[in-house]
Structure formats: C-alpha cells, structure tokens
Amino acid sequence: MLIGTASKGRHVLDYPLTQWAFVCVVAGAVVGLLLNIPMVTQDEGYLPAYVAAAGLTRTDPSAVSRPLAVVVHHGTALVAALLYSAVVAGLSFVLPTAISLNGVPLIPHTIGAVGISAFIYYFFARIAMPRFGGSLRDDADEIIQQWALTAFIFGAALALFIPVLVT
C-alpha cells in the first residue's frame, strides 16, 4: 500500500501508477477545498472560476451560476493534481530520484508542483480570461492577479501535502 509505506525506504513510484494518481487526486481534492478560504476572502475571489465556467458553457461569466463556478474550481484542482502526478511519474524516469521527501522524489516533485502552477496560471491568463472574460474583461488585471495567487497557493499546498499524504 502506498500510504504508510514510503517511510520504509520504498519509493512512491515503486507502486502502481494508478495508486500514485489516486493519492495525487485525493491531495488535489483536499487542496481544492482549502483554496476556498483564500478565494472567498479576496475581492476577486471566485471570479476566475466564473470565467473558467463561462469558457466551458460558452456564456458570459455573469450568467454562470455559483454552483457551476464551484464545481469548475474543484474540478480544476482534481485535473491539475492528476497532471501533476503524470509529470512527476514521467520526470522520475529521467531525473535523479535519490533525494526524496517521504518517498516522493524531490526534483520531479518540485518541477511538477512549480510546472503545474505555472501552467494553471498561464492557461487562465493567456487563454481563458482573454477569450471568455466577457463582462469581466474590465477587471482582468485584478482577476488575473487573484488567479496567480490561487495558482501559487495551489502549487505550494500540493507540494507540501503530497509528501505528508504518502507517509
């Protein structure tokens, strides 16, 4: 079993990729829930989720319901965690894995967390907001700054939580 055995000297990627992906998705779900805190406390809070949902539904962000925005926010966290798991698994085959955090290879883990955070930010700032911002385009700078903060918090929390979850 992956959880509880990393501290016994086994490398997490010695386990089936499906188990590694599952652990990452669980971490993404927890981190997505934790992200509700900074999102509701910021002025532009959930607006990035409204823009993302507008892109999926091809409507204006002002027409997106709050439940849909929340589902898109949490779905994004799950997909991002799954992408992180794929990046770390792939990089673990080509990069050094001798140094680890509770069995999670440090270099692939760090590159994965930073890379996924940068991808989330870039995708939103360069694709979602310009194409689907609609009525919110006037506030694009503030919304993109909020998204940058959220992407950074997501990556940092994922980077901290994954090694804890596998112990």
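A quick note: this is a predicted structure, and the numbers were derived from the prediction, not measured.

Caption draft 1: Spotlight on the confidence of the model for the protein. Looking at the protein as a whole, the pLDDT averages 85, with 89% of positions reaching at least 70. Note that residues 1–7 has pLDDT below 50 and, in this model, 21 contacts with residues that lie over four places away or in other chains.

Caption draft 2: Here's a closer look at the packing of aromatic side chains. Tallying each qualifying case throughout the model produces 3 aromatic pairs. Each ring, one from Trp 20 and one from Tyr 84, has its centre 6.1 Å from the other, and the planes form 45°; the classification is tilted. With a gap of 64 residues between them, Trp 20 in helix 1 (residues 17–34) and Tyr 84 in helix 4 (residues 66–92) connect regions that are remote in the sequence. By relative accessible area, which is 0% here, Tyr 84 ends up buried.

Caption draft 3: Broad picture of the packing of helix 4 against helix 6 (residues 140–165). Packing of helix 4 against helix 6 leaves a shortest axis separation of 12 Å and a crossing angle of 60°. Judged by the inter-axis angle, helix 4 sits oblique to helix 6. In this structure, helix 4 crosses over helix 6, and the sense of that crossing is right-handed. On the side of helix 4, the interface is formed by Ala 77, Ala 80, Ala 81 and Tyr 84, while helix 6 contributes Phe 154, Leu 158 and Ile 162. Classifying every residue of the contact of helix 4 with helix 6 gives 7 nonpolar, no polar and no charged.

Caption draft 4: Structural detail: empty space enclosed by the protein. As enumerated under the stated definition, the model contains 1 cavity of 30 Å³ or more in all. Approximately 100 Å³ is the volume found for the largest cavity. Surrounding the largest cavity, Leu 35, Ala 49, His 73, Thr 76, Ala 77, Ala 80, Ile 120, Trp 147, Thr 150, Ala 151 and Phe 154 form its lining.

Caption draft 5: Representation of the packing of helix 3 (residues 47–57) against helix 4 within the structure. For the pair helix 3 and helix 4, interaxial distance at closest approach is 8 Å and the crossing angle is 95°. Taken together, the axes of helix 3 and helix 4 are roughly perpendicular relative to one another. Contacts between helix 3 and helix 4 pair Ala 49, Tyr 50, Ala 52, Ala 53, Leu 56 and Thr 57 from the former with Arg 66, Leu 68, Ala 69, Val 72 and His 73 from the latter. A per-class count over the contact of helix 3 with helix 4 returns 8 nonpolar, 2 polar and 1 charged.

Caption draft 6: Up close: the environment of Leu 35. Tracing the backbone through its elements, the reader meets Leu 35 in the loop between helix 1 and helix 2 (36–41). For the pair formed by Leu 35 and His 74, sequence separation is 39 residues and the distance between their alpha carbons is 9.1 Å. Apart from the residues lying within four places of it in its own chain, the contact partners of Leu 35 are His 73, Thr 150, Ile 153 and Phe 154.

Caption draft 7: Expanded view of the nonpolar core. Of all hydrophobic cores here, the largest spans 32 residues; its most connected members are Trp 20, Tyr 84, Phe 124, Met 129, Phe 154, Leu 158 and Ile 162. Secondary-structure elements contributing two or more residues to this core are helix 1, helix 4, helix 5 (106–132) and helix 6. If near-sequence neighbours (up to four positions away) are discounted, Leu 158 is found in contact with Ala 27, Gly 28, Val 31, Ala 81, Tyr 84, His 109 and Pro 163. Among the nonpolar cores identified, the runner-up in size contains 9 residues, and Tyr 46, Tyr 50, Ala 54 and Ala 69 belong to it.

Caption draft 8: Region of the structure containing the environment of Gly 55. For Gly 55, the position within the fold is in helix 3. Residue classification places Gly 55 among the buried positions, given a relative accessible area of 15%. Placed 73 residues apart in sequence, Gly 55 and Ala 128 show a C-alpha to C-alpha distance of 6.6 Å.

Caption draft 9: The arrangement of the layout of surface pockets in detail. Size it by volume and the largest pocket reaches roughly 390 Å³. Taken together, 18 residues line the largest pocket, and the ones lying closest to its centre are Ala 52, Val 72, Thr 76, Phe 123 and Trp 147. Elements that contribute at least two residues to the lining of the largest pocket include exactly helix 3, helix 4 and helix 5. With 7 residues, helix 5 is the largest single contributor of residues to the lining of the largest pocket. Residue composition of the lining of the largest pocket, by class: 15 nonpolar, 3 polar and no charged.

Procedures and definitions
Residues numbered from 1 in each chain as written. Predicted model: local features only at pLDDT ≥ 70, side-chain atom pairs only at ≥ 80, totals over all residues. Heavy atoms only, no water. pLDDT = per-residue confidence, 0-100. Contact = heavy atoms within 4.5 Å. Phe/Tyr/Trp six-rings, centres within 6.5 Å; stacked < 30°, edge-to-face > 60°. Helix = DSSP H or I, 4+ residues; strand = E, 2+ residues; numbered from the N terminus. Buried < 20%, exposed > 50% of the residue type's maximum accessible area, 1.4 Å probe, protein only. Axes fitted to C-alpha atoms, helices over the stretch in contact; angles between N-to-C directions. Parallel < 35°, antiparallel > 145°, perpendicular 65-115°, else oblique. Left-handed = near helix turned anticlockwise from the far one by under 90°. Nonpolar A, V, L, I, M, F, W, Y, C, P; charged D, E, K, R; others polar. 1 Å grid on protein atoms, 1.4 Å probe; cavity = no way out; pocket = protein on both sides within 12 Å on 5 of 7 lines; lining within 4 Å. Points joined across faces, edges and corners; volume = space filled by probe spheres on them. Core = buried A, V, L, I, M, F, W, Y, C linked by side-chain atoms within 4.5 Å.

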